[in-house]
Amino acid sequence: MTRRQHEELVGVLAMLMTFAIGGAIVAALAGPTIVPIAAVLGIAFAKGRLVILDFLELRGGHHPMRIALICWLSIILIAALSRSLVVLLLA
């Protein structure tokens, strides 16, 4: 790993930690409305995408595993959003 790659990875790690803290703050301070839930899920998608692209080293090219992991992440987050919508509508 070169010095430049190390610095980029540390930058991505700092961004992930910022996203994690921001998501926790939004989740803790928000009420049971859809906007904060969607914001937290959006932050979760950004974190997952960074992990897939940078920490799994799938940023370069169109690797089938990259596409599969991003689709899996999207499906899981859509399911979480759907569940939250159902709970909010039935409450």
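Conventions and cut-offs
Numbering of residues starts from 1 in every chain and runs along the sequence as written. The predicted nature of this model means local features are confined to residues of pLDDT at least 70 and side-chain atom pairs, given and counted, to a pLDDT of 80 or more, with totals for whole chains, interfaces and linings taken over all residues. Side-chain calculation: all heavy atoms of the structure are included, whereas hydrogens and water are not. To qualify as a helix, a DSSP run of H or I must reach at least 4 residues; to qualify as a strand, a run of E must reach at least 2; elements of each kind are numbered from the N terminus. Throughout, radius of gyration means the C-alpha value; the globule benchmark is 2.2 Å times the number of residues raised to the power 0.38. Accessible area is worked out with a 1.4 Å probe on protein chains only. A residue is then buried under 20% of its type maximum, exposed over 50%, and partly exposed in between. In this description, contact between two residues means that some pair of their heavy atoms is separated by no more than 4.5 Å. Charged residues are defined here as Lys and Arg on the positive side and Asp and Glu on the negative side; His and the ends of the chain fall outside this count. Charged side chains are reduced to one point each, which is NZ for Lys, CZ for Arg, CG for Asp and CD for Glu. Each nonpolar core is a collection of buried residues, namely Ala, Val, Leu, Ile, Met, Phe, Trp, Tyr and Cys, held together in the definition by side-chain atoms within 4.5 Å. UniProt positions are given in the numbering used here, feature names are shortened, and annotations may be inferred rather than shown by experiment. As a rule, the C-alpha atoms of each element are fitted with a line to give its axis, helices using only the stretch in contact, and angles between N-to-C directions run from 0 to 180 degrees. Working definition: roughly parallel below 35 degrees, roughly antiparallel above 145 degrees, roughly perpendicular at 65 to 115 degrees, and oblique for all remaining angles. Two helices cross in a left-handed way if the nearer one is turned anticlockwise from the farther one by less than a right angle. They cross in a right-handed way if the turn is clockwise. Think of it as three bins: nonpolar holds Ala, Val, Leu, Ile, Met, Phe, Trp, Tyr, Cys and Pro, charged holds Asp, Glu, Lys and Arg, and polar takes everything else, Gly as well. By the criterion applied in these results, polar contacts are pairs of N or O atoms within 3.5 Å in which, for protein atoms, one can donate a hydrogen and the other can accept it, and in which residues neighboring in sequence qualify only through two side-chain atoms.

A. Representation of the overall build of the protein chain in the model. Along the backbone of the protein chain there are three helices and zero strands. Here the C-alpha radius of gyration of the protein chain, 16 Å, is well above what a compact globule of 91 residues would show, namely 12 Å. Its C-alpha atoms put the protein chain at 55 × 30 × 10 Å along the principal axes. Residues counted as buried form 18% of the 91 residues belonging to the protein chain. In the protein chain, of all internal contacts separated by at least 6 residues, the share reaching a separation of at least 24 is 58%. Averaging the positions of the 7 positive and the 4 negative side-chain charges in the protein chain gives two centres separated by 10 Å.

B. The arrangement of the nonpolar core in detail. Formed by Leu41, Ile52, Leu53, Leu58, Ile70, Leu73 and Leu77, the largest nonpolar core amounts to seven residues. Of all the elements in the fold, those that place two or more residues in this core are helix 2 (34–55) and helix 3 (64–90).

C. Structural context of the UniProt feature "transmembrane region" (unreviewed entry) in the protein chain. Feature annotation in UniProt places "transmembrane region" (unreviewed entry) on residues 12–31 and 68–90, given in this structure's numbering. For the annotated span residues 12–31, helix accounts for 90% and strand for 0% of the residues, and the straight-line distance between the end C-alpha atoms is 30 Å. Here residues 68–90 is 100% helix and 0% strand, with 33 Å between the C-alpha atoms at its ends.

D. Looking closely at the packing of helix 1 (residues 3–29) against helix 2. It is the contact of helix 1 with helix 2, at a shortest axis distance of 9 Å, that shows an interaxial angle of 160°. Taken together, helix 1 and helix 2 sit at an angle that is classed as roughly antiparallel. Between helix 1 and helix 2 lies a crossing of left-handed hand. Two secondary-structure elements touch here, helix 1 through Leu9, Val12, Leu13, Met15, Leu16, Phe19, Ala20, Gly22, Gly23, Val26 and Ala27 and helix 2 through Pro36, Ala39, Val40, Ile43, Ala46, Lys47, Leu50, Val51, Asp54 and Phe55. The residue makeup of the contact of helix 1 with helix 2, split by class, is 17 nonpolar, two polar and two charged.

E. Representation of the side chain of Asp54 in the model. Position of Asp54 relative to the elements: it lies in helix 2. Of the residues examined, Asp54 reaches a relative accessible area of 17% and is grouped as buried. Reaching out from Asp54, the side chain makes a polar contact with the side chain of Arg59 at a distance of 2.8 Å. If we skip the residues at most four places from it in the chain, Asp54 touches Leu9, Val12 and Arg59.

F. A look at unusual backbone geometry. Even without a glycine there, the phi angle at Glu57 is positive, about 55°. Given a relative accessible area of 67%, Glu57 falls into the exposed group.

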